[in-house]
Structures are given as structure tokens and as C-alpha cells.
Amino acid sequence: VQLQASGGGLVQAGGSLRLSCAASGLTFSRYVMGWFRQTPEKEREFVAVVTRSGGTIYNVDFVKGRFTISRDNAKKMAYLQMNSLEPEDTAVYYCAADHRIVTDYSTSYGEYDYWGQGTQVTVSS
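Residues numbered from 1 in each chain as written. Predicted model: local features only at pLDDT ≥ 70, side-chain atom pairs only at ≥ 80, totals over all residues. Heavy atoms only, no water.

### Remarks on the overall build of the protein chain
- When helices and strands are counted, the protein chain shows 0 helices and 11 strands.
- The order of α-helices and β-strands along the protein chain, N terminus first, is β-β-β-β-β-β-β-β-β-β-β.
- The C-alpha radius of gyration of the protein chain comes to 13 Å, within 12% of the 14 Å expected for a compact globule of 125 residues.
- With respect to the principal axes defined by its C-alpha atoms, the protein chain has extents near 40 × 25 × 25 Å.
- Residues counted as buried form 43% of the 125 residues belonging to the protein chain.
- Within the protein chain, contacts between residues separated by at least 24 positions form 58% of all contacts whose residues are at least 6 apart in sequence. (Helix = DSSP H or I, 4+ residues; strand = E, 2+ residues; numbered from the N terminus. Rg over C-alpha atoms; globule rule 2.2 N^0.38 Å. Buried < 20%, exposed > 50% of the residue type's maximum accessible area, 1.4 Å probe, protein only. Contact = heavy atoms within 4.5 Å.)

Structure (C-alpha cells):
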């Protein structure tokens, strides 16, 4: 299984980025896909998740309508569209896949099965 995250970069505050996550080696439609982020000062935190059926859940503490997560099962891709970026959004962003059975999703990074390598997002003020 491989997850390849891309799309990060340097952007000014107020700008936008679209992160992509390409999956291979798994039956993509059977996995819940999540995005997490991490800085040196904080542990990995939940950003957003898209369920197998396309339902979406966001971290209400900081997303505040600025981000949109989506998936394309035919292409085995997950995306995170980020708008109105703020310097506080600076972090390494990771995509992750979760093959859960009982519940629809998790916001806990410890419950995800596979991880991409991360892509750096830097927002300048």
C-alpha cells in the first residue's frame, strides 16, 4: 500500500492550496480517507475525513468552512482544498487511510492503517 501526498508549498496568507493523495495497492473505496497535520510544537492533529460514502467531517476548531475534503474512488484519489489560509495553518500535512468495520470514521490518528509521506504547507503573513 502506498499513499502519495502532494500539492503543498509556500503561499501568502489568504491564499489557497489543493492537496492531493494518490493511493495504490488497496481497494480504495473500502477505506475512509483522512487528512492530518503536524508541526514540531504539536502532535499530529485531525484536519478532515471523508467516509466511504462521501460524508465529510472537519476539525471545527480551526477549519471553519475554509477547507473541503473530497475523494474520487475511480482515480483512487483524495483531496483537501484549502482556502483563506492563515500562518497558523503552516504544517506538514499527511493523508491517511483507515479500513474500519464498525463505525463510519475516526478523528484519531492512531486508528489509521496507512500514511502518506507528508507534504509541507507554509503560509506567510
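### With respect to the side chain of S20
- If you trace the backbone, S20 turns up in strand β3 (residues 17–24).
- Judged by its relative accessible area of 14%, S20 is buried.
- Once you skip the residues sitting within four places of it in the chain, S20 turns out to touch Q4, A5, S6, W35, M77, A78 and Y79.

### A short note on the pattern of salt bridges
- As enumerated under the stated definition, the model contains 6 salt bridges in all.
- The partner of E45 in a salt bridge is K42, with the nearest N and O atoms 3.5 Å apart.
- Looking at K42, the relative accessible area reads 46%, which means it is partly exposed.
- Among the ionic pairs, D98 bridges to R100, the shortest N-O distance being 2.5 Å. (Salt bridge = Lys/Arg side-chain N within 4 Å of Asp/Glu carboxyl O.)

### Description of the packing of aromatic side chains
- For the coordinates displayed, the defined rule picks out 6 aromatic pairs.
- Between the aromatic rings of F36 and Y112, the centroid separation amounts to 5.1 Å while the plane-to-plane angle is 80°, which identifies the pairing as edge-to-face. Of this pair, F36 sits in strand β4 (residues 32–39) while Y112 sits in the loop between β9 (91–98) and β10 (114–115), placing them 76 residues apart in sequence. Side by side, F36 and Y112 carry an identical accessibility label, which is buried.
- Ring geometry for Y94 against W115: centres 6.4 Å apart, planes inclined by 80°, an arrangement best described as edge-to-face. Here Y94 is found in strand β9, whereas its partner W115 is found in strand β10, with 21 residues between them in sequence. (Phe/Tyr/Trp six-rings, centres within 6.5 Å; stacked < 30°, edge-to-face > 60°.)

The analysis is restricted to geometry; functional conclusions fall outside its scope.
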